[in-house]
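Residues per chain are reported as follows:
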Protein chains: 4
Amino acid sequence: MLFTSDNWAGVHPAIMQAITEANDGSVPAYGNDALSKRVTAKFEEIFEHECHVFFASTGGAANGLALSQLVPPYGGTFCHEVSHVQMDECGTPEFYSGGAKLLTLPGKDAKLTAAAVEEGMRFYTPPMTHHVIPKAVSLTQVTEAGTAYTPDEVGAIGAVARRHNLKVHMDGARFSNAIATLGCAPADVTWRAGVDVLCFGATKNGALCAEAVVFFDKAHTEEFAWRHKRAGHVWSKARFMAAQWKAFLSNDLWLDLAGNANAMANRLGEKLGAMPGFTIAHPVQANEVFLTFPDGVAQKLLDQGAQFYDWVYPGDTWNGKLKRLVTNYRTTEQEVDRFIDLAAECTG
Amino acid sequence: MLFTSDNWAGVHPAIMQAITEANDGSVPAYGNDALSKRVTAKFEEIFEHECHVFFASTGGAANGLALSQLVPPYGGTFCHEVSHVQMDECGTPEFYSGGAKLLTLPGKDAKLTAAAVEEGMRFYTPPMTHHVIPKAVSLTQVTEAGTAYTPDEVGAIGAVARRHNLKVHMDGARFSNAIATLGCAPADVTWRAGVDVLCFGATKNGALCAEAVVFFDKAHTEEFAWRHKRAGHVWSKARFMAAQWKAFLSNDLWLDLAGNANAMANRLGEKLGAMPGFTIAHPVQANEVFLTFPDGVAQKLLDQGAQFYDWVYPGDTWNGKLKRLVTNYRTTEQEVDRFIDLAAECTG
Amino acid sequence: MLFTSDNWAGVHPAIMQAITEANDGSVPAYGNDALSKRVTAKFEEIFEHECHVFFASTGGAANGLALSQLVPPYGGTFCHEVSHVQMDECGTPEFYSGGAKLLTLPGKDAKLTAAAVEEGMRFYTPPMTHHVIPKAVSLTQVTEAGTAYTPDEVGAIGAVARRHNLKVHMDGARFSNAIATLGCAPADVTWRAGVDVLCFGATKNGALCAEAVVFFDKAHTEEFAWRHKRAGHVWSKARFMAAQWKAFLSNDLWLDLAGNANAMANRLGEKLGAMPGFTIAHPVQANEVFLTFPDGVAQKLLDQGAQFYDWVYPGDTWNGKLKRLVTNYRTTEQEVDRFIDLAAECTG
Amino acid sequence: MLFTSDNWAGVHPAIMQAITEANDGSVPAYGNDALSKRVTAKFEEIFEHECHVFFASTGGAANGLALSQLVPPYGGTFCHEVSHVQMDECGTPEFYSGGAKLLTLPGKDAKLTAAAVEEGMRFYTPPMTHHVIPKAVSLTQVTEAGTAYTPDEVGAIGAVARRHNLKVHMDGARFSNAIATLGCAPADVTWRAGVDVLCFGATKNGALCAEAVVFFDKAHTEEFAWRHKRAGHVWSKARFMAAQWKAFLSNDLWLDLAGNANAMANRLGEKLGAMPGFTIAHPVQANEVFLTFPDGVAQKLLDQGAQFYDWVYPGDTWNGKLKRLVTNYRTTEQEVDRFIDLAAECTG
């Protein structure tokens with residue numbers, strides 16, 4: 001009954017096998033090996049578009065690198081007030097960009113809207129030197145509330161962004177979960193909807209350590225390789241990064257793994273939501289369930305071995321009631337049902 | 001009828017005279033002249049405490065320098081969501097600190113409260129590496145809404161700050177106006193109330209170009225001189241900075257000048273506030289009046305030569321109605337009364 | 001007998017008068033006053049070219065700002081190994097640029113040569129991500145050794161720079177002294193010779209506090225105003241900066257003042273150089289004389305009230321012998337001759 | 001005949017096995033798993049001292065992080081003029097530290113000496129605000145010339161460093177090769193000799209991706225975890241980093257692997273050095289041979305399938321003659337001898 005975080009799970013066997021297979025012989029370092037050179041084609045196949053791909057060890061680094069390319073130090077990035085880049089990366093975007101500001105906006109279920117971005121631009125229009133110049137919008141797909149932006153929602157934000165010369169960044173640590181739930185083409189919520197750069201994460205869905213910064217337009221990558229190197233994020237034995245991606249993106253593995261995690265969260269959400277006194281806080285669209293339990297029940301569940309975290313936002317008058325349940329690529333129906341049964345027991 | 005900004009006024013004659021008098025002979029550069037060495041004593045006399053004083057050309061630089069000394073790049077500073085450091089310095093604190101975050105808090109009349117800081121700390125307690133570590137609270141005295149923190153208010157915030165190992169920074173671009181309105185000892189709203197560093201501005205009250213970073217404890221200034229130099233804020237002909245301060249702080253000039261500005265704003269606020277359809281948005285405690293005019297009146301006033309600005313905050317559903325009137329050290333009763341008469345005329 | 005530094009002298013009367021005259025009435029802040037708007041024309045007249053001018057309080061800030069505009073954080077700037085930007089600004093260029101590297105090159109009399117820059121590029125050609133990308137060359141005019149680059153020398157470096165896509169920055173803290181000694185048009189050692197941005201200093205030649213970043217091409221100034229503001233270098237009462245420049249650049253004042261300083265150094269150099277045991281270390285071309293005295297003489301001179309500094313470079317096996325004598329705009333023949341007489345006396 | 005770089009080799013089987021074994025079950029993320037918690041003990045056993053260990057994906061990141069902890073933005077780090085931190089990390093130390101300067105010193109065979117550091121301090125003594133404050137010395141062990149600092153050499157530098165309040169950083173990307181060649185206790189060239197932090201690399205000696213920042217004193221690690229996180233270098237699935245280290249440091253694997261690489265380089269160096277017209281440029285002490293071949297021989301070797309690189313330093317009047325041969329943990333005698341035979345053939 002492990003619902004703490006999707007990165008507690010290990011590496012999927014197919015990905016581990018790809019890593020061990022990549023260990024054959026001596027090959028050039030720093031991405032000049034054949035596997036590294038070929039892996040971009042995998043991205044291009046999935047996104048139906050040219051892709052300019054750079055790897056990173058963590059989602060924080062990927063986001064920081066991508067934003068530092070789009071936003072100068074005197075610029076700003078609109079993001080949701082509880083987004084991961086704003087709340088959970090210890091200031092990584094500020095570090096990478098040399099102090100560019102995150103400009104927070106509100107929004108239901110942790111989602112930005114086109115209207116919110118439009119309204120946000122008002123204060124910065126026309127540009128004045130007293131204020132930073134907004135240069136980007138950052139979307140988290142899926143959001144910190146476990147919700148997914150639809151192609152239409154991203155497209156509407158993309159249109160506002162273009163009108164105001166803002167680039168669009170997508171933090172896709174759980175991008176697989178988004179595509180698995182939306183059922184759309186990856187292109188539909190990325191470049192077709194105006195996204196300029198996607199930080200695509202594999203680690204939360206079964207990789208060992210694999211994040212990718214995917215630019216859809218070469219124009220945005222000029223000299224990005226130098227930022228990448230200078231941040232210390234270029235693996236010398238790059239083949240082991242490429243191998244993970246090759247396995248992850250082959251045979252729909254990424255969608256199957258995310259699909260399982262989503263299905264398990266959905267099962268949790270539906271059943272718990274139907275139980276008296278359990279309140280689901282946000283629509284369950286991916287692999288996270290945010291909820292409040294009846295009084296005393298959460299503690300009883302923890303006492304009996306279930307594992308999950310409290311969830312709190314700054315500015316909440318925090319009462320300790322909101323909890324987050326996260327499922328992963330190998331969460332089983334048995335595990336979910338055991339938790340539900342136990343929850344029913346603790347409540348009854 | 002000039003109510004745009006207090007830095008449109010020129011230099012007070014006594015300060016200009018001090019500048020010209022300082023131009024006698026050749027003296028050591030970079031603050032090693034006799035005048036520069038003596039001016040600290042003026043600060044210590046006024047603050048009744050040891051002072052470690054460094055000068056800057058702008059309030060933005062002073063704030064950025066001071067905060068960079070108190071807050072590491074992975075740290076955070078609590079400030080009001082409409083404070084000058086957050087809204088109007090184009091990211092100066094982020095630049096100087098290497099990307100430390102400003103952690104915004106709400107508060108009536110642009111004031112932080114001890115309770116808001118206490119609540120703000122909750123999310124950051126205990127410290128987790130996913131979040132920056134709060135290291136400081138920044139207060140603006142007087143605030144962006146023209147209100148002044150009382151000694152008790154600062155003291156309460158100072159107490160919360162000490163409990164959480166936060167240093168207290170005061171942005172005092174209009175510190176003179178605050179003291180003139182509060183009538184307290186400068187010490188009462190600074191070191192006695194827990195303030196560690198004051199950025200004290202003279203420019204808005206009659207100086208040519210004179211801001212000071214005043215540390216009350218030598219422990220906070222270790223190697224600060226290097227930050228100061230490296231930012232390019234050490235005037236080679238430092239005597240002309242010192243001369244301004246000497247004149248400003250002598251014979252209560254600073255309080256007299258701020259006192260006039262305050263009195264004129266008070267006169268504006270009282271009379272306009274009593275007129276039907278005029279709404280004063282914040283208590284008038286210093287040299288700024290925020291108000292809404294009856295429909296059409298603001299434009300008529302502008303058409304007839306009055307000068308003042310619209311005022312807007314991000315997040316406002318902005319309707320263009322809020323205006324700011326700023327008085328200065330040489331605003332006259334005649335100027336104020338002419339504006340009031342004209343306002344009455346435009347309304348009638 | 002004051003030969004310590006040219007910034008020990010006070011403000012020239014004509015400049016002080018311009019400051020006091022500018023103090024008439026209330027005018028818009030932050031450079032929107034009439035005087036600030038007109039002063040650019042003065043620069044354009046002198047440089048016979050469009051100029052995009054931004055002011056700063058110190059030469060360090062001017063250099064840091066200019067370089068941060070030309071060089072990204074992963075870039076590099078070639079400069080002489082004893083240049084002011086490398087040795088004497090406590091890392092200002094690194095601070096402003098977010099950590100871009102200075103790439104030092106050797107050269108006689110503190111001068112870079114076209115050949116040295118060409119050779120310097122070799123290591124960085126073709127660009128590799130292990131190395132920063134050179135983006136600029138920085139020249140100091142006059143150099144730290146008191147020598148001046150001729151139009152041909154600058155032109156040759158400018159040509160190499162263009163071939164390698166390097167921008168050319170000129171640190172002109174003593175640019176007036178250079179023009180006074182070279183007798184050429186200011187254009188000849190700046191834009192005509194390939195210089196993209198000049199940091200032009202007035203402070204060392206009689207201003208109170210006045211440095212200017214002068215871009216010769218609008219293409220290089222895009223959004224520079226935001227860097228300028230964010231660094232805290234935009235004076236609110238900008239008219240007092242503009243006034244200094246207007247006076248400095250009018251009626252050839254800048255050339256007259258620098259001309260006097262140069263003449264006095266020349267007098268010192270010629271006479272001292274002719275005395276047995278005195279060795280002039282670099283050609284005296286501006287207002288600085290670097291020399292070694294016969295044993296014991298320097299101390300005797302200091303004991304009798306002469307003022308000057310030891311001079312040392314890192315890497316020197318320092319023996320305490322090299323001294324620097326700096327003249328300024330109001331150094332007199334009497335002062336120079338008194339020093340020479342005294343030197344002769346101490347030697348005899 | 002692969003002598004390009006030691007990171008072209010794959011992962012040693014024992015390390016790959018440790019990775020796959022670590023993939024058992026679900027464990028806490030971000031280093032809170034049992035394996036991560038236990039691995040520090042391995043370091044402490046080897047160094048006979050308390051160790052505070054943080055991991056990174058690359059040596060550049062490790063060095064940047066470590067130096068940013070020891071050196072403030074206005075500080076400087078002495079390093080050799082051809083050291084990796086200075087020449088080959090695209091400005092990583094400057095990025096991580098917010099622009100602190102590297103202060104380069106010369107030295108034979110890419111080694112700093114105590115005398116060079118002592119001399120280097122002269123320019124910075126006493127501290128002046130025009131100059132950065134030296135705060136650290138960085139040593140590369142083994143150096144960029146393939147030479148190893150002896151315990152006495154490090155100790156002498158450590159003593160000078162302590163006298164000047166400099167911390168000592170060791171870039172140990174090839175630390176294993178150093179210990180294998182020196183035959184001393186790891187403590188003898190680190191904490192016992194005054195080293196404060198070691199960046200210990202395993203990747204070049206058989207790991208997949210494993211670098212460690214090892215502080216020997218808790219006093220230097222205060223809040224380092226926040227720098228680490230904010231740089232995006234904390235792996236979520238940290239167990240796979242710990243597993244590599246556990247295997248690497250067990251059963252002397254690290255010394256055996258480095259020992260083989262060293263022996264092969266030694267064999268290359270001895271035999272080639274004895275051949276007429278071959279000149280060894282630096283003593284062969286670890287796994288690198290720097291040499292010049294007789295005219296035309298290098299090209300012939302490359303044509304016949306040998307792989308190695310040109311080597312050049314900035315400032316060299318580069319003639320394309322210096323070559324670098326690097327051996328690795330799985331280079332064989334056969335491979336070495338084949339190269340030597342071929343070299344003889346090409347020469348004859």
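Note that the coordinates shown come from a computational prediction; the quantities given were computed from them, not determined experimentally.

Remarks on the overall build of chain A
If you tally the helices and strands in chain A, you get 13 helices and 11 strands. A globule of 348 residues ought to have a C-alpha radius of gyration of about 20 Å, and chain A, at 20 Å, matches this closely. When its C-alpha atoms are laid out on the principal axes, chain A stretches across 60 × 60 × 30 Å. For chain A, with 348 residues in total, the buried portion stands at 65%. Long-range contacts, defined here as pairs at least 24 residues apart, represent 77% of the contacts in chain A between residues at least 6 apart. If you sum the accessible surface of chain A, you get close to 11,600 Å²; carbon and sulfur atoms cover 50% of it. Of note, chain A has its 29 positive side-chain charges centred 4 Å away from the centre of its 38 negative side-chain charges.

A look at the relation of the copies chain A and chain D
Under the fitted operation, chain A is carried onto chain D by 0.0 Å of movement along the axis and a turn of 180 degrees, and the coordinates agree to an RMSD of 0.0 Å. On the angle and the small slide along the axis, the relation comes out as a two-fold axis. Taking the C-alpha atom as reference, chain A places A:S57 closest to the rotation axis, 3.6 Å from it. When the interface residues of chain A are mapped onto chain D, 100% of them again lie at the interface, so the same face is used by both copies.

Overview of the packing of helix α8 (residues 175–182) of chain A against helix α11 (residues 253–273) of chain A
Residue and element names in this part refer to chain A. Relative to each other, α8 and α11 sit at 80 degrees, their axes nearing to 8 Å. The orientation of α8 relative to α11 falls into the category roughly perpendicular. Taking contact as the criterion, the partners of F175, S176, N177, I179, A180 and T181 in α8 are, on α11, W254, L255, A258, G259, A261 and N262. Class assignment of the residues belonging to the contact of α8 with α11 gives a composition of seven nonpolar, five polar and no charged.

As for the interface of chain A and chain D
At the interface, 44 residues of chain A touch 44 residues of chain D. Of the roughly 3,800 Å² buried between chain A and chain D on both sides combined, carbon and sulfur atoms contribute 59%. Its largest share of buried area at the contact with chain D, chain A owes to A:F95, A:R230 and A:K237, together 21% of the area lost on that side. Scanning the region where chain A abuts chain D turns up zero salt bridges.

Points about the sheet that holds strand β5 (residues 167–172) of chain B
Residues and elements named next belong to chain B. Ordered in space as β1-β7-β6-β5-β4-β2-β3, the seven strands form an open sheet in which the pairing is mixed. At either margin of the open sheet sits one strand with a lone partner, and together these are β1 (52–56) and β3 (101–105). The average undirected angle you get between the axes of adjacent strands in this sheet is 25 degrees. Bridge count between β1 and strand β7 (residues 211–215): five bridges; the pairing is antiparallel. Pairing of V53 across the sheet is with V214, part of β7. Set on the sheet, helix α7 (residues 151–163) makes contact with β4 (133–140) and β5; between it and β4 the angle comes to about 170 degrees.

Some points on the interface of chain B and chain C
The interface is formed by 44 residues belonging to chain B together with 44 residues belonging to chain C. Interface area for chain B against chain C, summed over the two sides, is near 3,800 Å², with a carbon-plus-sulfur share of 59%. It is B:F95, B:R230 and B:K237 that lose the most area in chain B upon contact with chain C, and together they represent 21% of the buried surface on that side. Here chain B is connected to chain C by zero salt bridges.

A closer look at the pairing of strand β7 (residues 211–215) of chain C
Among the five residues of β7(C), five are classified as buried, and the element is accordingly described as predominantly covered. Neither face of β7(C) is left uncovered, since the one carrying C:E211, C:V213 and C:F215 and the one carrying C:A212 and C:V214 both have all their residues buried.

Describing the UniProt feature "domain: Aromatic amino acid beta-eliminating lyase/threonine aldolase" (unreviewed entry) in chain A
Under the UniProt annotation, "domain: Aromatic amino acid beta-eliminating lyase/threonine aldolase" (unreviewed entry) lies at residues 3–292 of chain A. End C-alpha atoms of residues 3–292 of chain A are separated by 15 Å, and the span's content is 39% helix alongside 16% strand.

Notes on the relation of the copies chain B and chain C
The two copies are related by a screw operation: chain B maps onto chain C through 180 degrees of rotation and 0.0 Å of translation along the axis, at an RMSD of 0.0 Å. Both copies share a contact surface, since 100% of the interface residues of chain B are interface residues in chain C too.

Structural notes on helix α6 (residues 114–122) of chain D
Residues and elements named next belong to chain D. For α6, the complete set of buried residues consists of A114, A116, V117, G120 and M121. For α6, the arc enclosing every buried residue in end-on projection is 160 degrees, short of the 170-degree limit, so these residues lie on one face. Next to the buried residues of α6 lie β2 (75–80), β3 (101–105), β4 (133–140) and α7 (151–163).

Brief notes about the environment of D:L208
On the secondary structure map, D:L208 appears in the loop between β6 (197–201) and β7 (211–215). Sequence-wise, D:L208 and D:R324 are 116 residues apart; in three dimensions their C-alpha atoms are separated by 24 Å. Setting aside chain neighbours within four positions, we find D:L208 in contact with A:I19, A:W235, A:K237, A:F240, D:V11, D:M16, D:I19, D:T203 and D:Q244.

Points about the pattern of salt bridges
It is possible for side chains bearing opposite charge to pair when their charged atoms get close. If you walk through the whole model with that rule in mind, you get 68 salt bridges over all chains. In this structure, A:E288 and A:R174 form a salt bridge, with 3.4 Å as the shortest nitrogen-oxygen distance. In this pair, A:E288 sits in strand β9 (residues 288–292) while A:R174 sits in the loop between β5 (167–172) and α8, placing the two residues 114 residues apart along the sequence. The same class applies to A:E288 as to A:R174, namely buried. Its salt-bridge partner being C:R267, residue C:D337 comes within 2.8 Å of it at the nearest N-O pair. Separated by 70 residues along the polypeptide, C:D337 in helix α13 (residues 333–347) and C:R267 in helix α11 (residues 253–273) bring together distant segments of the chain. Three or more residues joined by partner-sharing salt bridges are found here, namely A:D6, A:R174, A:K204, A:E288 and A:R324.

Structural notes on the side chain of A:S36
All names here are of chain A. Note that S36 resides in helix α2 (residues 34–47). Overall, the relative accessible area of 11% leaves S36 in the buried class. Excluding its chain neighbours within four sequence positions, the residues that come into contact with S36 are G31, A238, R239 and A242.

So, the packing of aromatic side chains
For the structure on display, the rule yields 107 aromatic pairs over all chains. Consider the rings of B:F200 and B:W254, whose centres lie 5.6 Å apart with planes at 65 degrees: the pair is edge-to-face. Of the two residues, B:F200 is situated in strand β6 (residues 197–201) and B:W254 in helix α11 (residues 253–273); the sequence distance between them amounts to 54 residues. Neither residue differs from the other here; B:F200 and B:W254 are each classed as buried. Ring centres 5.1 Å apart and planes at 70 degrees place the aromatic pair D:F175 and D:F200 in the edge-to-face group. Placement of the pair is D:F175 in helix α8 (residues 175–182) and D:F200 in strand β6, with a sequence separation of 25 residues. Judged by its relative accessible area of 0%, D:F175 is buried.

Some points on the sheet that holds strand β10 (residues 309–310) of chain C
Residue and element names in this part refer to chain C. Read from one edge of the open sheet, four strands run β8-β9-β11-β10, paired in antiparallel fashion. A strand with exactly one partner marks an edge of an open sheet, and here the two such strands are β8 (279–280) and β10. As paired elements, strand β9 (residues 288–292) and strand β11 (residues 322–326) share five bridges and run antiparallel to each other. By the bridge assignment for β11, F290 is matched with R324. Packed onto the sheet, α11 meets β8, β9 and β11 and runs at close to 20 degrees relative to β9.

The rules behind each value
- Residues numbered from 1 in each chain as written.
- Chains lettered and ligands numbered in written order.
- Predicted model: local features only at pLDDT ≥ 70, side-chain atom pairs only at ≥ 80, totals over all residues.
- Heavy atoms only, no water.
- Helix = DSSP H or I, 4+ residues; strand = E, 2+ residues; numbered from the N terminus.
- Rg over C-alpha atoms; globule rule 2.2 N^0.38 Å.
- Buried < 20%, exposed > 50% of the residue type's maximum accessible area, 1.4 Å probe, protein only.
- Contact = heavy atoms within 4.5 Å.
- Areas by Shrake-Rupley, 256 points an atom, 1.4 Å probe, with all protein chains shown as cover.
- Lys, Arg positive; Asp, Glu negative; His and termini not counted.
- Charge placed at Lys NZ, Arg CZ, Asp CG, Glu CD.
- Least-squares fit on C-alpha atoms with pLDDT ≥ 70 in both.
- Axes fitted to C-alpha atoms, helices over the stretch in contact; angles between N-to-C directions.
- Parallel < 35°, antiparallel > 145°, perpendicular 65-115°, else oblique.
- Nonpolar A, V, L, I, M, F, W, Y, C, P; charged D, E, K, R; others polar.
- Buried area = accessible area lost by both parts, 1.4 Å probe.
- Salt bridge = Lys/Arg side-chain N within 4 Å of Asp/Glu carboxyl O.
- Pairing = 2+ DSSP bridges.
- UniProt positions renumbered as here; feature names shortened; annotations may be inferred.
- Arc of directions from axis to C-beta.
- Phe/Tyr/Trp six-rings, centres within 6.5 Å; stacked < 30°, edge-to-face > 60°.

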